[in-house]
Amino acid sequence: MTTDERYNFRATEEKWRNHWTNSKCFELPLGSEAVQGPKEPYYVLEMFPFPSGRLHMGHVRNYVIGDVIARYKRAKGFEVLHPMGWDAFGMPAENAAIENKIHPAKWTYDNIASMRAEFKQLGLAIDWSREFASCDEDYYAKEQKILLNFHEQGLLYQKESHVNWDPIDNTVLANEQVVDGKGWRSGATVERRKMTQWYLKITEFADDLLAGLDTLKDWPEKVVTMQRNWIGKSLGAYIKFPLVGRDESLEVFTTRPDTLFGASFIGVSANHPLAEELAKDNAELSAFIQDCNKTATSEEALEKAEKKGFNTGLFVTHPLEETLKLPVYVANFVLMEYGTGVVFACPAHDQRDLDFARKYDLPVHTVVRPRDAGDDFDVANEAYTGDGVIFNSRFLDGLSSEDAKEKALECLEENNLGKTATTYRLRDWGVSRQRYWGCPIPFINCESCGTVPVKETDLPVVLPDDVTFDKPGNPLDHHPTWKHTTCPKCGGKAERETDTLDTFFESSWYFQRFVSQPKDKAFEKDAVNRWLPVDQYIGGIEHAVLHLLYARFFTRALKKCGYHDVEEPFKALLTQGMVCHETYKGSDGKWIYPEEVGYKDEKPYRLSDGSAVKLGRSEKMSKSKKNVVQPQEIIDEYGVDTARLFVISDSPPERDLEWSQSGVQGVWKYLARIWRLAQSLVPLVKDTNRSKMPSDFSKEELALRRLTHKTIDQATRHLDAIALNTYISTLRAFSNEIAKVEEGVTIDKSILREALETLIVLLNPVVPHLAEELWQQLGHGTALVEATWPQADASLLVDDTVTQAIQVNGKLRGTIEIAVGLPKEEIEAQALGHENIKRFIDGQTVRKVIVIPGKVVNIVCS
């Protein structure tokens, strides 16, 4: 079944994109969201993109995965919401303004226009009528109202604290935005500064956020674990260590009171009041504290930093051993923001403490041993951090770790030196950023009245257009007029807050604005109650803690403020894998692009001069390593459907995808075969009514019908499980079987049409342009996008016959086709009557015949 007619993908894809746009088939009328219609709502959403200017293959994979789900659910009869917008505030736009001498707004909206055109070229089933950018005045106006409501509910407050300062971006970073001690965007080494900042009280919801994780059954376990660990609920105790010679104590929080007798020293944060007091009269300590402040405030950064300490000369008394005095060190690994800013160090059972003790020649007391070790157990250079049996600990000796914790706490509480407590690793979310391109924080600072919220009637506080970037720091601070205003309370002179919001604020509620977009408020309550949580959310694993945790908090905070009744924002989460490509370096050691490389005798060389090229490992596509392939190149050469099919066909969506040119070419050849197959079959079946099938089927006809309905069943199951690569392999196998059918010789045309039509409908979610064209060629008067998903006939999913293997003395010697349910006696008779079997048992005595219906017959003879 072949034809010489080639598939004109350019004309076909443009034709159907225009049809979908003109028919507005993917749009849900704004204002109708809260109305309970006849169809069940289904909300599919990919994390909205930052408008960097160009699509990359990661974008293509992410949005095609979502589009396959959206098109499938639509065909299944759901009312599908699949919107698009832009996460448009942030430092990159501001940096681009400085580098290119262009206003951030122009840079952003120009990039949005370019990327919108590229996204539309992908043929995505998106409701573009709901599009917005987070930098739109209309969007952040609603956001400022939300912020004021948070303030009214006590969820927004100001405090002075040590923060992470990015010296390149000149802004504060949340702990979650510090990666390996560096800014998550700039890569600059982060420093510690003391500043007054705005905070959101995420810690108020710590227990609720933890409990909610147990309800997220359709989230990857890895993400749930990462959030659970980040929230970090700890059961422990506050313990007082009296300072020798002072009428005060240092209070410590610990989760390991069972190791108290292993205490070797006390570590105090460089920002603890005691350290700051001592530094006033000690220049050396003051310099040490300044050095500590060059390290970020995240636990991760401190864990990786070299452990440093300063001996204060002070001592504390051990709370359970009055004769034992412990030295007090100012230590660079102790954070003021965690616990009390003081730790008791037990080097034998904490690696960080052990490294410090070895460096400063401090004692190491082993007090916990594994259950199978004796009392001579000791640590060397690796701390023993597990539970076990307590020893070298007076009245705790012989107890298990858990029992020792209880016993130690009883003693501490009796002597008023300790109390049990629960703490969290999670800290309130600092949302102040010292930059221009962000949502203005709607507060005013007045010398008489303090910090005063802007009146709601005066919202929005709009960013000024006439800013300059010729000075370091925040352009809003430098603006000659914008920050100068009057106090809403007393009417006196005042200044606007010049900090803007962290961009994760915008991405914490945008999915609710997609649902409903009234002019006078953030969204309609009934609409959000109907559509949330998002049924399927798709994005990268790198957002496991940042965006996803903030969005979960934000949804709860909005519920507390009466905006809706929703607890969790996202019902199911898919974290798609990255698109990877080999890396290449020229003879000069610099990265080069894939299109600059050729192969001869399987060895890479540089096309420009023939020089040798060093082939590196496959890594995530990135501009820095130049191992990128522009989607437009693939689309221009092979078409959109080829790109769509390739990014989901070779790997499960949650795993990384290895890019290969041969893989793309293979997909293109497959689609060309589908086209040729259809061009051969359509003339045969176009005028055939598939509903008028023969009353009796030949063996070949029944086999094709069974295959058709088994394929429907399998494809449906795969799509429900988002096993997209398996879904594609099922369709490939189906199309290959159709291609083997002789042209209408033994197969009734109605059955052949059923098979071809089913293949087209099942392919539609992933290659919609080609599928629409073939659907139209079959004579349908309405577009395929309006068609329903086929249902498998359950009676055709069960075979009437089954292949039975026949073994002689354990070796396979033949097979027979038998009817399902055939009695064992008849199976045995057919097996013994098989011509090949008779040859193998000839001259032997059959001792035993073992029959397992539907599987095997084993004949034992000798």
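Position numbers for residues count from 1 along each chain, tracking the sequence in the order it is written. Where totals are concerned, whole chains, interfaces and linings use all residues; where local detail is concerned, this predicted model gives features only for residues with pLDDT of at least 70, and gives and counts side-chain atom pairs only at 80 or more. Only hydrogens and water are set aside; all other atoms, that is, all heavy atoms of the structure, feed into the side-chain values.

Participant: I'd like a rundown of the side chain of Ser651, residues and numbers included.
Facilitator: Here a helix means four or more residues in a row that DSSP labels H or I, a strand means two or more in a row labelled E, and each is numbered from the N terminus. Inspection of the secondary structure assignment puts Ser651 in the loop between α19 (640-649) and β30 (657-658). Each residue is assigned to one of three classes by its accessible area relative to the maximum for its type, calculated with a 1.4 Å probe on protein chains only: buried under 20%, partly exposed between the two thresholds, exposed over 50%. The class of Ser651 is buried, set by a relative accessible area of 8%. Whenever a nitrogen or oxygen atom comes within 3.5 Å of another N or O atom, the pair is scored as a polar contact, on the condition that within protein one atom can donate a hydrogen and the other can accept it, and that pairs from neighbouring residues in sequence are kept only if both atoms are in side chains. Within the structure, the side chain of Ser651 is placed 3.0 Å from the backbone oxygen of Asp656, a separation counted as a polar contact. Two residues form a contact once any of their heavy atoms are found within 4.5 Å. In contact with Ser651, other than residues within four places in its own chain, are Arg61, Asp656, Leu657 and Asn725.

Participant: Describe the pattern of salt bridges, and please don't skip the residues or the numbers.
Facilitator: Proximity of charged atoms lets side chains of opposite charge pair with each other. The working definition used for a salt bridge is a side-chain nitrogen of Lys or Arg within 4 Å of a carboxyl oxygen of Asp or Glu. Per the stated rule, a full pass over the model turns up 42 salt bridges. A salt bridge links Arg552 to Glu568; the nearest nitrogen and oxygen atoms lie 2.8 Å apart. Here the residue Arg552 occupies a position in helix α17 (residues 546-560), and Glu568 occupies one in the loop between α17 and β25 (570-575), the gap between them amounting to 16 residues. Exposure remark for Arg552: the relative accessible area of 0% places this residue in the buried category.

Participant: I'd love a proper account of the sheet that holds strand β8 (residues 233-242), names of residues and values included.
Facilitator: Note on pairing: two strands pair once DSSP finds at least 2 bridges between them. Here we have 3 strands laid out as an open sheet, ordered β9-β8-β16, and antiparallel in their pairing. The open sheet terminates on both sides in strands that have one partner only, identified here as β9 (249-254) and β16 (418-424). Ignoring which end each strand starts from, the neighbouring axes of this sheet average 30° apart. Pairing analysis gives 7 bridges linking β8 to β16, with the strands arranged antiparallel. Its bridge partner being in β16, Ser234 is matched across the sheet by Thr423. All axes here are fitted lines through C-alpha atoms, helices being fitted over the stretch that makes contact, and every angle between N-to-C directions spans 0 to 180 degrees. Against the sheet, helix α12 (residues 401-414) engages β8 and β16, with an angle of about 120° to β16.

Participant: Go over the nonpolar core, please, and point to the residues and values.
Facilitator: Note that soluble globular proteins tend to have their nonpolar side chains buried in a common cluster. Take the buried Ala, Val, Leu, Ile, Met, Phe, Trp, Tyr and Cys residues and link them wherever side-chain atoms come within 4.5 Å; each set so joined is a nonpolar core. Formed by 181 residues in total, the largest nonpolar core has its most connected members in Tyr43, Phe119, Phe150, Trp429 and Tyr510. Here this core gets 12 residues from one element, more than from any other, and that element is helix α20 (residues 661-685). Counting 43 residues, the second largest nonpolar core, distinct from the first, contains Val367, Val379, Cys411 and Leu412.

Participant: Could you give an account of the sheet that holds strand β26 (residues 579-585), with specific residues and numbers?
Facilitator: Taking strand neighbours across the sheet as the criterion, the 3 strands line up as β29-β26-β30 in an open arrangement whose pairing is mixed. Only two strands of the sheet have a single neighbouring strand rather than two, namely β29 (614-620) and β30. Of the pairings in the sheet, the one linking β26 to β29 comprises 5 bridges and is antiparallel in character. What sits directly across from Lys585, in β29, is Lys614.

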